[in-house]
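# Survey of secondary and tertiary structure
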Amino acid sequence: MSDVAVIGAGVCGLCTALALAERGAKVTLLERSPALGGNASWLAGGMLAPFCEGESAPASVVALGRRALDWWAARVPGVVREGALVVAPPRDASEIERFEGRTSGHERVDEGGVAALEPDLAGRFRKGLFFAAEGHLDPRAAMRAMVDALKSRGAEIRFGTDGEALGPDPGFVVDCRGFAARAALPELRGVRGEMLRIRTQEVRLTRTVRFLHPRIPLYIVPRGGGEFMIGATMIESAERGPVSVRSALELLGAAYALHPAFGEAEILEMSADVRPAYPDNEPRVFERDGRIFVNGMYRHGFLLSPVCAERAAEMAMARGSARRLIEA
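Bear in mind the structure is a predicted one, so any value in this text is a computation, not a measurement. (Residues numbered from 1 in each chain as written. Predicted model: local features only at pLDDT ≥ 70, side-chain atom pairs only at ≥ 80, totals over all residues. Heavy atoms only, no water.)

Looking only at helices and strands, the protein has nine helices and 16 strands in total. The C-alpha atoms of the protein give 20 Å as radius of gyration, which agrees with the globular expectation for 328 residues (20 Å, within 12%). Taking the principal axes of its C-alpha atoms as reference, the protein extends roughly 70 × 35 × 35 Å. In the protein, which comprises 328 residues, the share counted as buried stands at 55%. (Helix = DSSP H or I, 4+ residues; strand = E, 2+ residues; numbered from the N terminus. Rg over C-alpha atoms; globule rule 2.2 N^0.38 Å. Buried < 20%, exposed > 50% of the residue type's maximum accessible area, 1.4 Å probe, protein only.)

Structural data, given as structure tokens:
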């Protein structure tokens, strides 16, 4: 197999590089940021929740995303397989019925069922939905583990390197740059996402909890050690920059409504970045001008990168086989 250059060390690039390395390719991973973490993947929730995503995502996302939990569990430590819980304020209980009607893979739980799953939410919600086949991971820990796995397979990783400066005859190129590839993929649009990271010892959660707040539905993901990631915003904008006051107030207000003890939590981080999306919000893996592109993960980076990476690796390996036959 010829050498393969993978551009972009977000979750998509890391998964693709590892899928290629697992197939025996000699991989060079190029990332323009000076260190791991200079991209939207670093700020992700890390939810592996295909059934919940079916509330607004196409059926293809649900079908492809069902493979993600096993894929990640086989490659990185710390994958949590405790399901996901969806709740709503008592006055907005109809939101549960709406969510239920648009999703599958769940079971109804009453007030006692909510308390059994998450004791710290006891008495706060009369009903909910439990998605037993879902899970989550810590994106930052997973990305570090992927880097280690690549190095153990002999891959070369170059941070602070612009992938456009590959030099002559780089072999195969797989472009996983996300929104940074917009010059080559003008059909991409940016979707801004904002997140908060907080810490408190007053609330304990085992699994991701989705709170169907009427203004801003949010998800809160436990990270261990009393840390939680809070996210939800999807703003049609390619503007990077700090979290807005409005978004911060909405996220924190919704978290407080989930459990008042979050009002005493420490704010550890408030960050935002831009995620790439095609008009239909579905990812694409294709070849153009001699380069394989993997892009358009929208809000499903950790959920869909594994299957997209496997597809891209198969395409690259098939091209390598064809070239060897021609050269022979």
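What follows continues from the structure just given.
Moving on: the pairing of strand 15 (residues 284–288). Where strand 15 and strand 16 (residues 291–295) come together, five bridges link them in antiparallel fashion. Residue pairing for strand 16: valine 285 is matched across the bridge by valine 294. Turn length for the strand 15-strand 16 hairpin, with the two strands adjacent in sequence and antiparallel, is two residues, and the turn residue aspartate 289 shows positive phi of about 55 degrees. (Pairing = 2+ DSSP bridges.)

Strand order in the open sheet made by the eight strands is 5-6-4-11-12-13-10-14, with mixed pairing throughout. Looking at the sheet topology across the chains shown, the edges are occupied by strand 5 (107–110) and strand 14 (266–277). Ignoring which end each strand starts from, the neighbouring axes of this sheet average 25 degrees apart. As judged from the five bridges shared by strand 10 (residues 189–199) and strand 13 (residues 227–231), these two strands associate in the antiparallel manner. Its bridge partner being in strand 13, methionine 195 is matched across the sheet by glycine 231. Lying on the sheet, helix 8 (residues 245–258) is in contact with strand 4 (84–87), strand 10, strand 11 (208–211), strand 12 (218–224), strand 13 and strand 14; it crosses strand 10 at an angle near 50 degrees. (Axes fitted to C-alpha atoms, helices over the stretch in contact; angles between N-to-C directions. Contact = heavy atoms within 4.5 Å.)

The next thing to look at is the packing of helix 1 (residues 11–22) against helix 7 (residues 139–152). Running from N to C, helix 1 and helix 7 point in directions that differ by 30 degrees, and their axes come no closer than 10 Å. Overall, the two elements helix 1 and helix 7 adopt an arrangement that is roughly parallel. Regarding helix 1 and helix 7, the two cross each other, and that crossing is left-handed. In this structure, helix 1 contributes Val11, Leu14, Cys15, Ala17, Leu18 and Ala21 to the contact, and helix 7 contributes Met143, Met146, Val147, Ala149 and Leu150. Of the residues in the contact of helix 1 with helix 7, the class split is eleven nonpolar, no polar and no charged. (Parallel < 35°, antiparallel > 145°, perpendicular 65-115°, else oblique. Left-handed = near helix turned anticlockwise from the far one by under 90°. Nonpolar A, V, L, I, M, F, W, Y, C, P; charged D, E, K, R; others polar.)

Residues with a pLDDT of 70 or more make up 95% of the protein, whose mean pLDDT is 92. Per-residue pLDDT stays below 50 along residues 321–328; that stretch engages in two contacts with residues further than four places along the chain or on separate chains. (pLDDT = per-residue confidence, 0-100.)

Here helix 8 is 14 residues long and its end C-alpha atoms lie 20 Å apart, about the 20 Å a rise of 1.5 Å per residue gives. The complete set of buried residues in helix 8 reads Ser247, Ala248, Leu251, Ala254, Ala255 and Leu258. One face of helix 8 carries all of its buried residues, which in axial projection span an arc of 140 degrees. Set apart from the buried face of helix 8 by more than 90 degrees, the exposed residues are Val245, Arg246 and Leu249. Structurally, helix 8 contributes buried residues whose contacts are with strand 4, strand 10, strand 11, strand 12, strand 13 and strand 14. (Expected span 1.5 Å × (residues − 1). Arc of directions from axis to C-beta.)

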